[in-house]
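# A structural walkthrough
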Amino acid sequence: MNALLTIWGKQLRKMVVHPEEIVGLLIQPVLWVLLFGFGMRGLMDATSSGNGQGNYLTFMVPGIVALAALGGAIGGGNEWLTERLRGFVKEYLVAPIPRFSILAGNTLTILTKTLIQALVILGLGFLIGAQGGGSPIGWLVTLVLIGGYAAGFAGIALATASSTDSPGGYHMLIFILNMPLLFASNALYPLATLPTWMRIIALMNPTTHLVSGMRGVLFENGAAFAAESTLPLWTSLLAVFAFAGFGLILAACAFSRSIRKV
Amino acid sequence: MTDRQTQKRQTAIEAVSLTKRYDKEVLAVEGLDLTIEQGTIYAFLGPNGAGKTTTISMLTTILRPTDGRAMVAGFDIEKEPDQVRKRIGVTFQELVLDDALSGRQVLEYHGRLYALQLSKRRQRISELLDMVGLADAADRRTKTYSGGMKRRLELARGLMTDPEVLFLDEPTLGLDPQNRAAVWEHIRELREAGTLTLLLTTHYMDEAESLADRVGIIDRGKLVAEGSPQNLVRGMGADVVRVRGEGDLEGFCRQLASFEWVETASTEADCVLIGVDQGSRRLAAIVESAIAAALSIAEVNVSTPNLGDAFLKVTGREFREE
């Protein structure tokens, strides 16, 4: 436990001393919200039912929160990769600490970074006009959803970072994931209007479930934009938790394989 | 007094047939046997890639051996690795210092990782910073440290937890002579101070000669010779004359044996190593004989025998320092 807190604490401190990394990761989501959100709003609002229902910004913000969460995971995985390649891991390995706490400490760091990213985007969204706001329970559910989503990607990022030996390979893999995650989901457009094949893919995308859950509890259902109906909340929670489990197990396997290789 | 003597006779590190094989083909370390007494300094000397770092990695529980076993500080490296980890300090060849932290923070963090109490940490940190002469620079980020300062901080880090055994992997790699001397001095002080056992790896002959009580020469994964630096070069004469050239080296060798001032004569690779009583005196006679034996001489030099010569004798290859 001590080791876990020490590792986590050290990485948090580095984050505080060098906020550039977090700021850098935020640039992409912020631009999405500002440019795409405002840009598309005019078009979308004009084509919607046109009686004040329909605020594309509100509709879109949860998806960008997901993107921001992914960015946090990427950054954290990168940190782990750097530590591995520069031999820092050896210091952990010769210390009398449980091997598990090395992984857990890094996972917590990623979760922290991801949550911060997500909350910043959420805050920004509300600030510039997304309509919403939910009950305290709603916020709690949101945090749980984001946390689970983040944990899943934290796991995938750490698993990738444990398995490659080059920064290039790591980033390539992550960038490949980036686009489909956003576009093959209901983040930017409602599920109802998607062709069947895409809807099926979207339902398997954890992003869809995060977005749907958030819309339900925080955003008044995206102001019922274009008759979007959210999935049942329990489905979303289940899906997100399953994803979290998958990601973390993947990370644990890759991690134990990598330290045995060393 | 007798207590200390008995303690000294305890074995700090013991390895039997330690082996590491990669991918069923590459034998990084093969059948290594080792017995290191507490309170002594032992050096693994060998060229790069000889298997020194792999051996250390196994002894410090980073790598699992493919075969064989080892005990460090009284505990089995495979069965009770955590007990081993609690009692050892390790410094690495690649400086694993976090750029963004200050020297003091590096030590503090290390202490916390090993669950040292706050007061003990503070005490150790100030003692060690004084010892390695980094008290002034302690609060600057390690990014600003010179190579020598980094190595000294690394040494302090390895000692933070007051280990029974300290492993040093290439402790003066890349340092200029002045800094090397400073690190050597610290290492010697450590040995004087108590019952700390030190195992270092190096590819610098002078480092092994100057620091170690015993040296183990490692080549291609095997321990090929072992002993005190003096013993390893014993029997090679007071001076060694090396003649490098082409021709009937074996014949020349036999001829030399007839001179009574020649202690040993052997051929290794393209060299003839001649152990004599006084090189400068015998040089002329040797060169004369070489010419008479129709050797085409490329190079001749005289020196007191060093571990490089011992290496050449044992492995048949030149010892190349980087």
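Treat the numbers as computed from the prediction; the structure is a model and nothing was measured.

## Quick notes on the overall build of chain A
A tally of regular secondary structure across chain A gives 11 helices and zero strands. Secondary structure elements in chain A, listed N-terminal to C-terminal, are α-α-α-α-α-α-α-α-α-α-α. A buried classification covers 46% of the 262 residues belonging to chain A. Partitioning the intrachain contacts of chain A with sequence separation of at least 6 by distance along the chain shows that 83% fall at a separation of at least 24.

## So, the overall build of chain B
The helix and strand inventory of chain B stands at 12 helices and 14 strands. Across its three principal directions, the C-alpha atoms of chain B cover 75 × 45 × 45 Å. Relative to its 322 residues, chain B shows a buried fraction of 44%. In chain B, once contacts between residues fewer than 6 apart in sequence are set aside, the share between residues at least 24 apart is 70%.

## Digging into the interface of chain B and chain A
In this complex, chain B contributes 16 residues to the contact, which on the side of chain A involves 18 residues. Counting residues per element, the ones that place at least two in the side of chain B that touches chain A are α3 (81-87) and α4 (103-113) of chain B. Residue composition of the side of chain B that touches chain A, grouped by class: nine nonpolar, two polar and five charged.

## A word on the environment of Glu127 of chain B
Residue and element names in this part refer to chain B. Within the secondary structure, Glu127 sits in helix α5 (residues 118-131). A tally of 14 C-beta atoms within 10 Å means that Glu127 is categorised as partly exposed. Along the primary structure Glu127 and Thr195 are separated by 68 residues, whereas in three dimensions their C-alpha atoms are 18 Å apart.

## Observations concerning the nonpolar core
Of all hydrophobic cores here, the largest spans 149 residues; its most connected members are Val65, Ala69 and Tyr149 of chain A together with Ala43, Ala156 and Ile274 of chain B. With 16 residues, the top contributor of residues to this core is helix α3 (residues 56-85) of chain A. Among the domains, domain 1 (2-232) and domain 2 (237-304) of chain B are the pair contributing at least three residues each to this core. Not counting the four nearest positions on each side in its chain, Val65 of chain A is found in contact with Ala118, Ile121, Leu122, Ile146 and Met214 of chain A.

## Comments concerning the sheet that holds strand β7 (residues 165-169) of chain B
Residues and elements named next belong to chain B. Strand order in this open sheet of six strands is β6-β7-β8-β3-β9-β10, and the pairing throughout is mixed. Each of the sheet's edge strands pairs with one partner strand only, and the pair in question is β6 (88-91) and β10 (222-227). Mean inter-strand twist for the sheet, computed between neighbouring axes without regard to direction, equals 15°. Both strand β3 (residues 41-45) and strand β8 (residues 197-202) contribute to a ladder of five bridges, which runs parallel. When the bridges of β8 are listed, Ile41 appears paired with Leu198. Sitting on the sheet, helix α2 (residues 52-59) touches β3, β7, β8 and β9 (214-219), and the angle it makes with β7 is about 150°.

## Overview of the domain arrangement of chain B
Assigned domains within chain B: domain 1 (2-232) and domain 2 (237-304). Computed over C-alpha atoms, the centres of domain 1 of chain B and domain 2 of chain B are 40 Å apart.

## Comments concerning the packing of helix α6 (residues 147-159) of chain B against helix α7 (residues 177-193) of chain B
All names here are of chain B. With their axes 10 Å apart at the nearest point, α6 and α7 run at an angle of 15° to one another. If you check the angle between α6 and α7, you find them roughly parallel. Seen from above, α6 lies across α7 with right-handed handedness. From α6, Gly148, Arg151, Arg152 and Leu155 reach across to α7, where they touch Asn179, Ala182, Val183 and His186. For the contact of α6 with α7, the class distribution of residues is three nonpolar, three polar and two charged.

## A few points about helix α9 (residues 206-218) of chain A
For α9 of chain A, with 13 residues, the first-to-last C-alpha span of 18 Å sits near the 18 Å given by 1.5 Å per residue. Taken across its 13 residues, α9 of chain A has 13 buried, putting it largely inside the fold.

## Details of the packing of α4 of chain B against α5 of chain B
Residues and elements named next belong to chain B. Interhelical geometry of α4 versus α5 gives an angle of 140° and a closest axis separation of 10 Å. Taken together, the axes of α4 and α5 are oblique relative to one another. Regarding α4 and α5, the two cross each other, and that crossing is right-handed. On the side of α4, the interface is formed by Arg104, Leu107, Glu108 and Gly111, while α5 contributes Arg121, Arg124, Ile125 and Leu128. Its residues assigned to classes, the contact of α4 with α5 comprises three nonpolar, one polar and four charged.

## Here we look at the sheet that holds strand β2 (residues 26-37) of chain B
All names here are of chain B. An order of β2-β1-β4-β5 is seen for the four strands of this open sheet, with the pairing classed as antiparallel. Only two strands of the sheet have a single neighbouring strand rather than two, namely β2 and β5 (75-76). The sheet contact formed by strand β4 (residues 67-72) and β5 spans two bridges and is antiparallel. In the sheet register, Val72 faces β5, and the bridge partner there is Phe75. In the packing of α2 onto the sheet, contacts are made with β1 (11-22), β2 and β4, and the angle to β1 comes to roughly 115°.

About the cut-offs
- Residues numbered from 1 in each chain as written.
- Chains lettered and ligands numbered in written order.
- Predicted model: local features only at pLDDT ≥ 70, side-chain atom pairs only at ≥ 80, totals over all residues.
- Helix = DSSP H or I, 4+ residues; strand = E, 2+ residues; numbered from the N terminus.
- Buried ≥ 20, exposed ≤ 12 C-beta atoms within 10 Å, placed from the backbone.
- Contact = placed C-beta atoms within 7 Å.
- Nonpolar A, V, L, I, M, F, W, Y, C, P; charged D, E, K, R; others polar.
- Core = buried A, V, L, I, M, F, W, Y, C linked by C-beta atoms within 7 Å.
- Domains from an automatic or database assignment.
- Pairing = 2+ DSSP bridges.
- Axes fitted to C-alpha atoms, helices over the stretch in contact; angles between N-to-C directions.
- Parallel < 35°, antiparallel > 145°, perpendicular 65-115°, else oblique.
- Left-handed = near helix turned anticlockwise from the far one by under 90°.
- Expected span 1.5 Å × (residues − 1).

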